[in-house]
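# Reading the structure
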Amino acid sequence: MAKLSDDELLRQLQAYEDDASRYVDLISSQRLSSLREYYREPYEGDDELDGWSTIVTSEVQDTVEWVLPELLDVFTSTDKAVEFEPRKAQDVQGAEQATDTCNYVFYQQNNGFLTLYTAFKDALMVQNCAVMWRTETEQVKDRQQVRGVPIEVLAMLVDQGYKIDESTSVYGPAQPLFNANLSLVRDKKVVKVEAFPPDQLLIKSDWNSPLLSKCPYVCRMLEVTLSDLRQMGFKDVTAQDLRTSERRESVAEEYREQQHGDFDDDDLGDESQTTGWLRIEFVLVDKDGDGIAERQIIYRLDEKILSREDCDDVQIATASPILNTHNWSGVSLAEIMSDLQRLKTDMTRSMVNAGLLAVNPRKVVLTDSQGSPYVDVDDLLDFRIGGVIRQKKENALSVEPSPFTGHQMLPILGYLDEMGQKRTGVSEQQQGLDPNALRPDRTASEVMMTANAAKQRIRLIARIFAEILLKPVFRGIFKL
């Protein structure tokens with residue numbers, strides 16, 4: 001078999017990206033809808049309801065925000081996010097060292113709590129979360145001050161790589177001495193762990209598992225500037241290369257543009273801030289023509305491969321709170337609460353509108369043959385309490401009866417709350433003290449059993465995140 005040429009590899013990568021992008025586009029509308037419902041954005045057509053209630057209830061937001069603390073407590077209640085278990089007696093010391101090192105990387109080199117918070121919240125809101133781990137080289141500047149040293153000591157420090165930032169000479173008893181401020185710039189490798197927006201994650205559309213270690217194609221679309229690429233070591237990239245490496249509009253960008261408008265970096269006049277999309281791709285390719293596909297990590301702009309090298313594993317993990325079997329994408333809590341929020345919004349609006357009509361009912365005005373009212377229209381439009389309405393003819397004004405019917409909707413609202421508790425496991429016991437818990441005929445064991453039963457769904461979500469998301473992350477940190 002012939003070796004895969006760069007042009008053939010580029011076409012294969014673009015075909016993979018197009019396939020994965022089409023699948024992500026299919027679920028983008030649901031993700032955008034979940035975002036809008038979480039932030040209680042108006043529904044379509046709400047701007048036409050002039051004078052009527054446009055309140056949006058908060059079932060999606062409440063569910064996400066009540067589940068999140070319990071999930072985080074499972075993983076952050078101790079100072080160890082992970083613990084490696086030895087298989088043999090001689091592995092005890094190595095397991096302890098691996099535990100200490102990986103926890104240091106996760107909590108000290110990175111903000112581990114923020115990573116977990118972001119990933120879990122993404123999964124609860126928009127179906128999936130995405131976490132990536134990789135090695136990065138940072139430039140660290142060490143500063144040193146020396147006082148009253150001879151020229152030979154300064155020369156020795158310069159030979160060691162130090163740069164003299166500032167120096168002054170002082171007179172010594174036998175020879176000139178120097179005070180100096182020196183700095184040494186050195187490269188430091190760190191393991192970076194970050195949760196990135198899930199709409200930047202591309203996975204082969206027919207991949208049938210949330211575990212990505214054997215997936216033929218996994219890609220992160222990373223928005224970068226020309227300055228970022230230069231710092232990553234890609235010196236031959238131009239601003240034009242970045243401008244032509246655009247991608248489809250993501251869910252997060254579409255939502256951001258709806259709220260704040262778009263920002264064009266071309267207006268800055270600074271080429272170093274030109275933005276584009278870098279593809280970090282983990283792909284199985286037969287690079288040497290032996291008929292066996294090897295894993296490679298490839299950095300690519302749209303039509304330009306920047307680098308390619310062998311790697312051991314896919315350095316990206318994804319998870320969903322509710323798994324779809326034989327599929328990598330799952331279901332979010334926002335999705336299963338979406339219809340209940342819409343129903344409860346409609347019921348709440350009806351109850352509010354009924355109250356508004358009962359307090360301020362519609363008025364019936366008598367008119368002449370030309371349609372002119374026998375009452376003063378300005379008085380009708382004045383809603384001051386106890387205001388006067390002048391009329392030119394007796395019985396020219398009457399009120400259309402509008403009885404308040406909101407109390408009839410209260411049982412429906414309670415039923416919708418019960419449906420939400422059954423779907424998510426978020427119960428009254430978790431949101432505060434259940435007044436029924438104080439009844440004398442209920443025992444402490446009964447109350448505890450009820451609370452534990454309500455938490456089973458949340459415990460299952462925590463177990464899914466542990467097995468599907470955090471195990472691959474910490475195995476990857478350990479390998480790096």
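Description of the structure in this document. (Residues numbered from 1 in each chain as written. Predicted model: local features only at pLDDT ≥ 70, side-chain atom pairs only at ≥ 80, totals over all residues. Heavy atoms only, no water.)

### Thoughts on the nonpolar core
L71, F120, V193, F465, L469, F474 and I477 are the most contacted members of the largest nonpolar core, which totals 47 residues. The element contributing the most residues to this core is helix α13 (residues 444–479), with eleven residues. Beyond its immediate stretch of four places on either side in the chain, F465 contacts L71, F75, F120, A123, A319, S320, P321 and L470. Residues Y23, C215, L226 and I297 belong to the second largest nonpolar core, which totals 30 residues. (Core = buried A, V, L, I, M, F, W, Y, C linked by side-chain atoms within 4.5 Å. Buried < 20%, exposed > 50% of the residue type's maximum accessible area, 1.4 Å probe, protein only. Helix = DSSP H or I, 4+ residues; strand = E, 2+ residues; numbered from the N terminus. Contact = heavy atoms within 4.5 Å.)

### What to know about the sheet that holds strand β6 (residues 275–285)
Pairing is antiparallel across the open sheet formed by five strands, whose spatial order is β4-β5-β6-β7-β8. Only two strands of the sheet have a single neighbouring strand rather than two, namely β4 (201–203) and β8 (305–310). Geometrically, the sheet is characterised by an average inter-axis angle of 20° between neighbouring strands, direction not taken into account. Pairing geometry for strand β5 (residues 217–225) and β6, over nine bridges, is antiparallel. Bridging across to β6, R220 finds its partner in I280. Each of β4, β5, β6, β7 (294–300) and β8 touches helix α1 (residues 6–38); the most contacted strand, β6, lies at about 105° to it. (Pairing = 2+ DSSP bridges. Axes fitted to C-alpha atoms, helices over the stretch in contact; angles between N-to-C directions.)

### Some remarks on unusual backbone geometry
When glycine is set aside, most residues are seen to have a negative phi, and most peptide bonds are trans. Phi is positive for Q127, close to 80°, though the residue is something other than glycine. Assignment of secondary structure puts Q127 in the loop between α4 (112–126) and β1 (129–149). Residue classification places Q127 among the buried positions, given a relative accessible area of 6%. Unlike most non-glycine residues, H326 shows phi in positive territory, near 60°. The residue H326 is located in the loop between β9 (316–319) and α9 (333–359) in this model.

### Re α4
Across its 15 residues, α4 extends 21 Å between first and last C-alpha, which sits within 8% of the 21 Å expected from 1.5 Å per residue. Residues G112, T115, L116, A119, F120, K121, D122, A123, L124, M125 and V126 constitute the buried set of α4. Following α4 by one or two positions, Q127 adopts a phi angle in the positive range, close to 80°. (Expected span 1.5 Å × (residues − 1).)

### Some points on a negative patch on the surface
On the surface, E83, E85, E96 and D100 cluster together into a patch of negative charge. Topologically, E85 is positioned in the loop between α2 (59–76) and α3 (92–109). (Patch = residues over 30% accessible without salt bridge, like charges linked within 9 Å, V, L, I, M, F, W, Y side chains within 5 Å. Areas by Shrake-Rupley, 256 points an atom, 1.4 Å probe, with all protein chains shown as cover. Salt bridge = Lys/Arg side-chain N within 4 Å of Asp/Glu carboxyl O. Lys, Arg positive; Asp, Glu negative; His and termini not counted. Charge placed at Lys NZ, Arg CZ, Asp CG, Glu CD.)

### Re the pattern of salt bridges
Within this structure, the stated rule accounts for 21 salt bridges. Between E136 and K192 there is a salt bridge whose closest N-O contact spans 3.9 Å. Taken together, the positions of E136 in strand β1 and K192 in strand β3 (residues 176–195) put the pair 56 residues apart, joining distant regions of the chain. Judged by its relative accessible area of 23%, E136 falls in the partly exposed class. Residues D165 and R143 are paired through a salt bridge, measuring 4.0 Å at the closest nitrogen-oxygen approach. Placement of D165 in strand β2 (residues 163–171) and of R143 in strand β1 is noted, with a sequence separation of 22 residues between them. Beyond isolated ion pairs, a larger network of salt bridges with shared partners links E17, R279, E281, R300 and D302.

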